[in-house]
Structure formats: structure tokens, C-alpha cells
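An overview of the molecular structure
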Amino acid sequence: MKIFRFILIVIGVFIFLLFAIPFFLPNRAYSEREIVINKPVDSVYNYLLDFNNFRDWNPWTEMEKELVLTITNNSMEVGSKIEWESDTLGSGYMERIEIEQNKLIKSKVVFIKPWKSEANDIMNFEKVNDRSTKVKWGMQMELEYPFGRYFNFFYDEMVGKDHEKGLTKIKECLEK
């Protein structure tokens with residue numbers, strides 16, 4: 001009987017901690033990487049604002065050979081949208097929600113399949129000199145309590161690697 005009670009206490013403490021720890025964890029995850037590209041800020045900004053270039057630099061598009069991308073309203077303004085559908089990446093869309101000429105491209109990224117979630121994709125541009133631009137690419141996601149907050153422990157490493165890869169591809173595409 002004592003062993004049974006001990007097991008119940010251990011299980012109770014475990015469940016308590018499972019829900020108590022996330023209370024103290026951040027409710028938002030953020031990952032950001034940066035690179036300097038040897039091109040003027042307007043060239044880099046316009047290249048990344050144009051969804052027609054998305055497949056060339058985006059690190060996730062090479063994961064799926066049969067990826068279907070649909071651009072709706074590529075006006076290069078707020079409201080421009082690209083949708084994707086594939087077996088590996090699932091489905092979702094990215095929509096421009098805030099832009100500031102040669103400074104900022106902020107997009108809402110909505111994942112529909114295989115699971116639903118949302119994030120903000122943020123690209124900041126800084127003129128280094130007349131021939132170089134610093135690009136900071138980040139992704140921010142709200143995390144639900146309790147279990148979503150555990151995602152914070154590996155979010156930066158997981159997303160950051162892809163941002164590094166994408167920034168390197170952007171640099172290669174623009175500097176060739």
C-alpha cells in the first residue's frame with residue numbers, strides 16, 4: 001500500500017510540474033539570423049518582396065519536389081499572398097501584413113496542414129553602405145499554455161538553421 005501511495009504522489013508531483021513549469025516560460029518564441037549581402041538595399045528589398053523569387057531562396061521549398069505555389073496578388077504591397085500545397089510541407093499561406101520601403105517586410109504565415117498554427121515572418125533591412133545591405137530574418141510565434149511553451153526550448157535552433165540556409169541562398173542569388 002505504501003508503494004502505491006508513493007507512486008500516486010510521484011505521478012501527482014509530475015503532473016503538477018508539467019503544468020506549473022510552462023507558467024514561467026515565455027508565451028512567445030523568436031528566432032532571428034542575419035547576413036550582409038553585397039547589393040544595395042533597394043535591390044535586396046525588392047527581390048525579397050517579389051513572391052516570384054520565393055522558390056529560388058526559400059529554404060523550405062527544396063524539401064518538396066512536387067510543391068505547388070500559388071501567388072495571389074503579387075502587387076508587392078500589403079495583402080500580397082503566396083499559398084503552398086505539398087505532401088511534405090503540408091499547406092498554408094504567407095500574406096504581407098506590413099511593409100516599409102527598404103526597411104521591413106512583415107508577413108503572417110499560416111500553416112493549415114498537417115497542423116494549424118500561425119507565425120510572423122519578419123525581414124529587416126539595413127543599409128551598410130551604398131553597395132551592401134544587412135538582412136535580419138526572424139520568425140515569431142505565440143505559444144499556447146501549457147504544452148506549446150515547451151516548444152521554446154528548441155525553436156531557435158530548429159528555425160534558425162533554416163534561416164541561415166535561406167539567407168545564404170539569398171546572398172548567392174543576388175551576388176552571382
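The following paragraphs examine the structure supplied in this document.

The rules behind these values
Residues numbered from 1 in each chain as written. Predicted model: local features only at pLDDT ≥ 70, side-chain atom pairs only at ≥ 80, totals over all residues. Heavy atoms only, no water. Phe/Tyr/Trp six-rings, centres within 6.5 Å; stacked < 30°, edge-to-face > 60°. Helix = DSSP H or I, 4+ residues; strand = E, 2+ residues; numbered from the N terminus. Lys NZ or Arg CZ within 6 Å of the ring centre and 35° of its normal. Salt bridge = Lys/Arg side-chain N within 4 Å of Asp/Glu carboxyl O. Pairing = 2+ DSSP bridges. Contact = heavy atoms within 4.5 Å.

Some words on the packing of aromatic side chains
Under the definition given, this model contains 9 aromatic pairs. Here the aromatic rings of tryptophan 57 and tryptophan 137 are separated by 5.4 Å at their centres, their planes lie at 75°, and the arrangement is edge-to-face. One end of the pair, tryptophan 57, is in helix H3 (residues 54-57); the other, tryptophan 137, is in strand E7 (residues 132-142), and 80 residues separate them in sequence. Three or more aromatic residues joined by ring pairs form one cluster here, namely Phe51, Phe54, Trp57, Trp60 and Trp137. Across the ring face of tyrosine 93, the terminal group of lysine 81 is positioned such that the distance to the ring centre comes to 4.2 Å.

Observations concerning the pattern of salt bridges
Summed over the entire model, instances satisfying the criterion amount to 8 salt bridges. Across the pair glutamate 62 and lysine 165 runs a salt bridge, and its minimum N-O distance is 2.5 Å. Remark: lysine 165 occurs in helix H4 (residues 152-175) and glutamate 62 occurs in the loop between H3 and strand E2 (68-72); sequence separation between them is 103 residues. One salt-bridge network, in which partners are shared between bridges, spans Arg33, Asp156 and Glu164.

Regarding the pairing of strand E5 (residues 104-113)
As paired elements, strand E4 (residues 90-100) and E5 share 9 bridges and run antiparallel to each other. Paired with glutamate 98 across the bridge in E5 is lysine 106. What sits between E4 and E5 in their antiparallel hairpin is a turn of 3 residues, with asparagine 102 showing a positive phi close to 60°. Inspection of the sheet shows E5 paired to strand E6 (residues 117-129) by 8 bridges, in the antiparallel sense. Considered in E6, the bridge of serine 107 is made with aspartate 121. Between E5 and the antiparallel strand that follows it, E6, lie 3 residues.

Comments concerning the environment of leucine 25
Here leucine 25 lies in the loop between helix H1 (2-20) and strand E1 (28-37). Considered as a pair, leucine 25 and isoleucine 105 are 80 residues apart in the sequence and their alpha carbons are 28 Å apart. Residue contacts for leucine 25: discarding those within four places in its chain leaves Arg149, Tyr150 and Phe153.

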